[in-house]
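# A structural walkthrough
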Amino acid sequence: MEQAATAFPPLLLVPRVELRLVTFFPSELFQEDDDDSCSDYGSRDKSGTILGRIVPDGNVLFPDTFQTNHLLFYERFKAYQDYILADCKASEVKEFTAEYLEKVLEPSGWQAIWRTNVFEVLVEVVDVEYSTLKAVVRLSEPFLCDSHVSTFTLECMQELLELKKHQLPVQELWVVFDESGEFDQTALAIEHVRFFYQHIWRSWDEEDEDDFDYFVRCVEPRLRLHYDILEDRVPSGLIADYHNLLSQCEVLYRKFVNLRSGISSSDSDSEAENVSMVEGLKLYDEIEHLKQKLKLIENPLLRYVFGYQKHTGLQAKGSRPMGTKITHVVSSTIMASLLESLLREKLCPETCDEELEIQFHSDPLTAVSACYEGDTVIICPGHYVVDGMFCIADSIELEGYGLPDDVVIEKRGKGDNFVDCTGANIRLSSLKLVQHDAVEGILSVHHGKTTLENCVLQCETTGVTVRTSAELLMKNSDLYGAKGAGVEIYPGSTCTLLDNGIHHCKEGILIKDFLDEHYDSPKITMVNNVIHNNEGYGVVLVKPTVSSDVKDIAAKNSEDLGNTQTIQSNGEKENVEDLGHPELHECAMDELELHERAEISEQTEGNCEIANELVATSVKKSQMHKKRLSELGITEADDNIMSQEMFVSIVGNQFKRNGKGSFGTFLF
C-alpha cells in the first residue's frame, strides 16, 4: 500500500502544453529553472539522488532499488496531466506515453530487477523500443535470480529471454538504485507508466469514443478513487464491489474480443455466425452496463449522489428462549444517588408489576451487542468513547438518562458506519452521537423503522441515511456538521421529520432519484423543521433528464392534475399547475448540472416549492409508468393519477441562510 510522503519536485521534462500551475501545489513541489520552464527534478547538474532506496527481501542478494511507489496524488496528477497524457484521446495514449519515455528514459547503461509473479532476475538494459514501451535487456553478470515456485537456471532464463526477443515491458522493471542521481528520471518515468497500466488503464478504453479528453474523462476520476481508497474514504463494501465489477468486465471483454475475432476471420454467412453475432451484441450490452456502474463509483460526485446501498447483513437474534427481556444499564461508574434515581424512575416505577432483570455494562457497544429482541439499554450520563460500530438488528430501545449533552457517545477509529439499523422497531432517545473517521454516515436505516427522538448528531461525513424500504421518524433532534447531506432519503423509503434542526452541512436534505421503474416513490413528511446555514441547498432533489415524449405526455395531463391534486402548506391549498420546468431537461445526458431555483421566500414559502416539485416528479413517474404499460398493450392501467405517488406533507418548515437557497434540483 502506498503511503504519504514528503513531496518531491517534479521531473525534468518539457510539457506538451503550456505549464498549468495549480494553486494547491506546495511551492517547493514545482521549482522553475531560471534558464527555461523545465523543472529541475533529477537534473544531471544536481549532485546525488533525491529518491529513497528499497532494500530487497529474500535469500538472493539483489541490489537496492529506487523507492518510487510513495508518490502523492498531486505528483501523479501533475505528471499525467502536463507531461505524459495532456489532452490526448484514448486511442493516442500509447503514442503519447512513448514520446514521453523517449524524452526522459536513459536508452541504455542501467540495471533493473525484472519482476513477475514467478521469479525475479537482475538484468541490464541495452536499448529501449519506445514505440512498444519495451526495453531490450540481457542478463547481468553475475547471474542473480530468485524464484518463488521453482529454480530457474541460467540456461532456462536465457531461453525465456530469447523467446521474448530480449524485450520486456518497462513496467515490469524496477530500476537499481544509483546514488549519482543520473537515473532518477528513468526510475520515476517507469513508475508512472507502471502505475498507469496497473491502476488507470482498462483494456476496453481504446475502443471508447475519441471525442473526449482521456485525462479528464478517465484518468482523473480513477486516480482520485485510488487515493480515496488508500485514505479510507470509500466504504469497504463498495471497494469490494468495484474490484468485482472490474473482474467481471475484464472477463466479458475478453470473451467479446475472442468472439469478434472469430466472426471477423470467417467469410461464411452461416447460422452459427449469426448466432455468434447475437451473442456478441448481448456481451456488448453487458459490458456497457458494467462500465456505467464502474463510472458511477469512479466519479466522486456520482458516488456521493447515488450512494452505497449494502449493509452489514447482521442477522437478528430474536427473543430469548425463555422470552425474558433484560434492561441493560451502562455506566463507567455509578454513584448511590444515581442508582437510587434509576431505581425510582426507570427500573422500578410504581406502575411496573413485573420483576425486571438488570445487567450492568461499562460501555454502550457491549450493552447493545448483548441485546435480544425487546431489550432496553439505559445509558447513564457520561462521555463514552467507542472503537467500532453499532449494528442493531433487533427491536430494542437505547435511551439516555438525562439531557443529550450529558450522554455522549463518541466514535473513534476507522470504520464504514457509526450506527447501522436493520431491526423492525428501533428507538434512540436523549443521546448525543459524535462521529469521527467513519467513511459513511452517522446513522443508516436499512430495514424496519427507526425512531430518533431528542438526540444530537454531530456528524463528520454524511448524516442520517434512510435506505429503500426503510422508515425513519426523527423528531426534536439536532443534526449538524455533515460534509455530505444531513439526511439522505432513498426511493421507496418513508421519512418523517418533525421539529428538527438541520444545519451547517453541505446540503440539508438530499432526496435520491426515484423515477426508475424499479423504485417506489418515497413518502416524505416534513413539519416545523428549521433548515439553516447549510453550504448548498436546504433540500436537493436528484433526478434524471426526461425524454421529450414523456414531457409531452406530462404536459398534456398537467391541467387535469392541477384540478385533482392539492398540497397543504402553511394552512393554504396550492394547485400543482405544471410538471416542473421544461428547461431543466434540455441538458445532455451524462452531464451534471445543479439548477439554482429562484427563492420565493427565504423563511417558509420554500415549503410550496419543495412540495410542488416532489409531487410533479412523482407525476412524471406515473406518466412514464402508464406509457410503458401502453407500449406493452396493457390498456386497463390505473386511472388514479395519485395511486403511485409519494405522500407529501411539507408544512411550517423554515429555511434560513442556506448558501444556494431553500431548494435545488440535481440533474444527471
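As the structure is a prediction and not an experimental result, all values here were calculated from the model. (Residues numbered from 1 in each chain as written. Predicted model: local features only at pLDDT ≥ 70, side-chain atom pairs only at ≥ 80, totals over all residues. Heavy atoms only, no water.)

Considering all chains together, one arrives at 21 salt bridges under this definition. Between Arg76 and Glu191 there is a salt bridge; the shortest N-O distance is 3.1 Å. Of the two residues, Arg76 sits in helix 1 (residues 73-84) while Glu191 sits in helix 4 (residues 184-200), which places them 115 residues apart along the sequence. You can call Arg76 buried: its relative accessible area is 0%. Classification of Glu191 as buried rests on a relative accessible area of 5%. Taken together, the salt bridges that share partners define one network made up of Arg202, Asp205, Arg222 and Glu298. (Salt bridge = Lys/Arg side-chain N within 4 Å of Asp/Glu carboxyl O. Helix = DSSP H or I, 4+ residues; strand = E, 2+ residues; numbered from the N terminus. Buried < 20%, exposed > 50% of the residue type's maximum accessible area, 1.4 Å probe, protein only.)

The description of two packed helices rests on the angle between their axes and on the distance between the axes. Contact geometry for helix 1 and helix 5 (residues 214-230): axes closest at 11 Å, N-to-C directions at 165 degrees. The orientation of helix 1 relative to helix 5 falls into the category roughly antiparallel. Handedness of the helix 1/helix 5 crossing: right-handed. Seen from helix 1, the contacting residues are Phe73, Arg76, Phe77, Tyr80 and Gln81; seen from helix 5, they are Phe215, Val219, Glu220, Leu223, Arg224 and Tyr227. Residue composition of the contact of helix 1 with helix 5, by class: seven nonpolar, one polar and three charged. (Axes fitted to C-alpha atoms, helices over the stretch in contact; angles between N-to-C directions. Parallel < 35°, antiparallel > 145°, perpendicular 65-115°, else oblique. Left-handed = near helix turned anticlockwise from the far one by under 90°. Contact = heavy atoms within 4.5 Å. Nonpolar A, V, L, I, M, F, W, Y, C, P; charged D, E, K, R; others polar.)

Before going further, it helps to examine helix 9 (residues 336-347). In a regular helix each residue adds 1.5 Å, so twelve residues correspond to 16 Å; helix 9 covers only 14 Å between its end C-alpha atoms and thus falls short of that length. For helix 9, the elements touching its buried residues are strand 9 (326-330), strand 10 (357-361) and strand 11 (376-379). (Expected span 1.5 Å × (residues − 1).)

What follows is about the sheet that holds strand 24 (residues 478-480). To summarise the sheet geometry, strands pair through backbone hydrogen bonds and adopt either a parallel or an antiparallel arrangement. Pairing is parallel in the open sheet, where eight strands are placed in the order 12-15-18-21-24-27-30-36. Whereas interior strands pair on both sides, the edge strands pair on one side only; in this sheet they are strand 12 (382-386) and strand 36 (654-656). For this sheet, the mean inter-axis angle between neighbouring strands, taken without regard to orientation, is 10 degrees. Across three bridges, the pairing between strand 24 and strand 27 (residues 501-503) is parallel. Paired with Tyr480 across the two strands is His503, which belongs to strand 27. (Pairing = 2+ DSSP bridges.)

Here the focus is the pairing of strand 23 (residues 471-475). Where strand 20 (residues 449-453) meets strand 23, five bridges bridge the pair, whose relative direction is parallel. Residue pairing for strand 23: Glu453 is matched across the bridge by Lys475. Two elements, strand 23 and strand 26 (residues 494-498), share five bridges in a ladder whose sense is parallel. Following the sheet pairing, Glu471 is matched in strand 26 by Thr494.

Moving on to the environment of Ala86. Note that Ala86 resides in the loop between helix 1 and helix 2 (93-104). Separated by 129 residues in sequence, Ala86 and Phe215 place their C-alpha atoms 7.0 Å apart.

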